[in-house]
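Chain residues, written in single-letter form:
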Amino acid sequence: MTYTEFKYRFSPFPIVLSNGFANGDARGQSPAQAVRNQLSRWQKRGLIVRLKNGMYLLNEHDRKINPSRVFLANQMCVPSYVSLEYALAYYGLIPERVVEVTSVTTKKTLEITNPTGRYSYRHLKPSAFTGFRLAGDENGMQVFLAEPEKAVVDFLYFTVARTVKTEHPSPAMFAESHRFQNVEMLSGNRILELAPLYDNAKLSALAKLFCRFRKEQART
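Residues numbered from 1 in each chain as written. Predicted model: local features only at pLDDT ≥ 70, side-chain atom pairs only at ≥ 80, totals over all residues. Heavy atoms only, no water.

1. Considerations on the overall build of the protein
On a plain count of helices and strands, the protein comes out with eight helices and nine strands. The dimensions of the protein, computed from C-alpha atoms along their principal axes, are 70 × 30 × 25 Å. Long-range pairs, those at least 24 residues apart, make up 61% of the contacts in the protein with a sequence separation of at least 6. Summed over its atoms, the accessible surface of the protein is roughly 11,700 Å², and 49% of this surface lies on carbon and sulfur atoms. Averaging the locations of the 30 positively and 19 negatively charged side chains of the protein gives two centres separated by 6 Å. (Helix = DSSP H or I, 4+ residues; strand = E, 2+ residues; numbered from the N terminus. Contact = heavy atoms within 4.5 Å. Areas by Shrake-Rupley, 256 points an atom, 1.4 Å probe, with all protein chains shown as cover. Lys, Arg positive; Asp, Glu negative; His and termini not counted. Charge placed at Lys NZ, Arg CZ, Asp CG, Glu CD.)

2. Describing the environment of Val35
Relative to the helices and strands, Val35 is located in helix α2 (residues 31–44). On the basis of relative accessible area, Val35 is assigned to the buried category, the value being 4%. With 34 residues separating them in the primary sequence, Val35 and Met1 have C-alpha atoms 9.3 Å apart. (Buried < 20%, exposed > 50% of the residue type's maximum accessible area, 1.4 Å probe, protein only.)

In structure tokens, the structure reads:
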């Protein structure tokens, strides 16, 4: 297959999987090896962008769809949903602009860096792998994104519970150390509903403390 043929075949799609097409080889190579060699040559010429093993984008001039980084994060690790700092920033719950796309998965902890950016995945047991929903990205493509409350509970579990030093933390730490804002938009009941799924006593206590912080912020 020539690159022109490849481009016209795959330009309508957001990503290209190497197992999505076959290629012959006059030197007797297996079709899979021939595909890998061809993709490697096109990558070196800047015609395609490698996201991870077996997953590629056409270069920005030839692709018809520019997939969002949230979409790519979902695709590069299945199952996963975007959560933690990236989702908190998306919902306006923290003021920072988060560059790294942070996700949760039932698979092992993983980090991927490619020309589109940096992606991290934190392992979570299946019983707590819930609380996410389908949302539309800027291209109208469906992506898995944590509910606001689930992004908070994931953050409490993976970050706050593992870094808080005192046995009796103050609710003020959520504003002072973690810069939470706009928390009045959250459902305290939903946070308390999600926390027990992790089966972690420290997290449950932090979830209650966060709900206290939310109430205090709502009164100000």
